[in-house]
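This is what each chain is made of:
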Amino acid sequence: KYIFIGAVAIIFFQLPVLAQWNANPSVVNNPVSTAVTDDVVISSVTDGAGGAIIAWSAFDMMNVIFNISVQRKTANGAISWNNAATPVILFSNADYSSVADIIPDGYGGVYITWINYLTEYTSDLYLQRTSPAGNLLFTPGGIKINASNGHFYSEGHISADAGGVIISWSDQVLLPGNPVPSYAQVFAQRFNTVG
């Protein structure tokens, strides 16, 4: 009898649970970017302090260019790098670009790789690191991991520890005059914390 009464009390006297940062029901979303973009691809990781760092690739319709951007949302949902209209831009190019991987650096920032597709069969792979404040810690525009020379880079995965980052990728090799990849190779490279 007491178990039944307890179960009924739990059912009827529940408090609402909100699964978002903003508890205002008229504002159900928390913008990360309000820039006018198209073709958005998003990746995110923890910032190590209850928030998240979000990276995305998008076509900037106003400037007719592809951007790789990044933004941090704190544990309470506030934007902490620039603002929603002007996120931190890691890379801009007229060619299509896409985020490949993102991981925490262990210090409140992240390592990010992205692919810049030059043609249907060739692309460049880049690496960048951000600080906890959103500053770019490697070369502006990112470190080019492997310049395009008839290869198609299908991936760019990363792993990190206190000493730096290891990036691994595959090359699908195009032989001269061959329109499709002939064979593939796998590579890895380590970078220290300053690139």
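Residues numbered from 1 in each chain as written. Predicted model: local features only at pLDDT ≥ 70, side-chain atom pairs only at ≥ 80, totals over all residues. Heavy atoms only, no water.

## Section: the packing of aromatic side chains
For the coordinates displayed, the defined rule picks out eight aromatic pairs. Look at Phe66 and Tyr96: their rings are 5.2 Å apart centre to centre, the planes differ by 85°, and that puts the pair in the edge-to-face class. Placement of the pair is Phe66 in strand E3 (residues 65–73) and Tyr96 in the loop between strand E4 (88–93) and strand E5 (97–104), with a sequence separation of 30 residues. Take Tyr96: its relative accessible area is 29%, and that puts it in the partly exposed class. A centroid spacing of 6.2 Å and a plane angle of 45° characterise the contact between Tyr111 and Phe138, whose relative ring orientation is tilted. (Phe/Tyr/Trp six-rings, centres within 6.5 Å; stacked < 30°, edge-to-face > 60°. Helix = DSSP H or I, 4+ residues; strand = E, 2+ residues; numbered from the N terminus. Buried < 20%, exposed > 50% of the residue type's maximum accessible area, 1.4 Å probe, protein only.)

## Topic: the pairing of strand E7 (residues 123–130)
The element E7 is largely enclosed, with a buried count of eight among its eight residues. Covered by surrounding structure in E7 are Ser123, Leu125, Leu127 and Arg129 together with Asp124, Tyr126, Gln128 and Thr130, the residues of both alternating faces. Following strand E6 (residues 110–117), the chain reverses through five residues before pairing antiparallel with E7. Looking at chain direction, E7 and strand E8 (residues 143–146) are connected through three bridges and run antiparallel. When the sheet's bridge partners are listed, Leu127 is paired in E8 with Ile143. (Pairing = 2+ DSSP bridges.)

## As for the environment of Asn192
Counting through the fold element by element, Asn192 comes out in strand E12 (residues 183–192). Expressed as a C-alpha distance, the spacing of Asn192 and Ala162, which sit 30 residues apart in the sequence, is 9.0 Å. Non-local contacts of Asn192, meaning those with residues more than four positions away in its chain, are made with Phe138, Gly163 and Gly164. A polar contact is formed between the side chain of Asn192 and the backbone nitrogen of Val194, at a distance of 3.0 Å. (Contact = heavy atoms within 4.5 Å. Polar contact = N/O pair within 3.5 Å; in protein donor to acceptor, adjacent residues only side chain to side chain.)

## A look at the sheet that holds E7
With respect to topology, four strands assemble into an open sheet ordered E5-E6-E7-E8, the strand pairing being antiparallel. Looking at the sheet topology across the chains shown, the edges are occupied by E5 and E8. Across the sheet, the mean angle separating the axes of adjacent strands is 25° when strand polarity is ignored. (Axes fitted to C-alpha atoms, helices over the stretch in contact; angles between N-to-C directions.)

## Some points on the confidence of the model for the protein chain
On average, residues of the protein chain score 81 in pLDDT, and 79% of them reach the 70 mark or higher. Segment residues 14–19 is flagged for pLDDT under 50; beyond a separation of four residues in sequence, or across chains, it makes one contact in the model. (pLDDT = per-residue confidence, 0-100.)

## Section: the nonpolar core
Membership of the largest hydrophobic core comes to 15 residues, with the highest contact counts inside it found for Ile53, Val70, Leu90, Ile102, Ile112 and Trp114. Those elements giving two or more residues to this core turn out to be strand E2 (52–60), E3, E4, E5 and E6. Residues Leu125, Ile145, Ile167 and Trp169 belong to the second largest nonpolar core, which totals 13 residues. (Core = buried A, V, L, I, M, F, W, Y, C linked by side-chain atoms within 4.5 Å.)

## A short note on the side chain of Ser131
Among the structural elements, Ser131 can be located in the loop between E7 and E8. When its relative accessible area of 9% is taken as the criterion, Ser131 is described as buried. Non-local contacts of Ser131, meaning those with residues more than four positions away in its chain, are made with Trp81, Gly108, Gly109 and Leu137.

## Some words on the pattern of salt bridges
Summed over the entire model, instances satisfying the criterion amount to four salt bridges. Where Lys144 meets Asp124, a salt bridge forms, and the shortest distance between an N and an O atom there is 3.6 Å. Of the two residues, Lys144 is situated in strand E8 and Asp124 in strand E7; the sequence distance between them amounts to 20 residues. Linking Asp161 and Arg190 is a salt bridge whose minimum nitrogen-to-oxygen distance equals 3.1 Å. Here Asp161 is found in strand E10 (residues 157–161), whereas its partner Arg190 is found in strand E12, with 29 residues between them in sequence. Judged by its relative accessible area of 39%, Asp161 falls in the partly exposed class. (Salt bridge = Lys/Arg side-chain N within 4 Å of Asp/Glu carboxyl O.)

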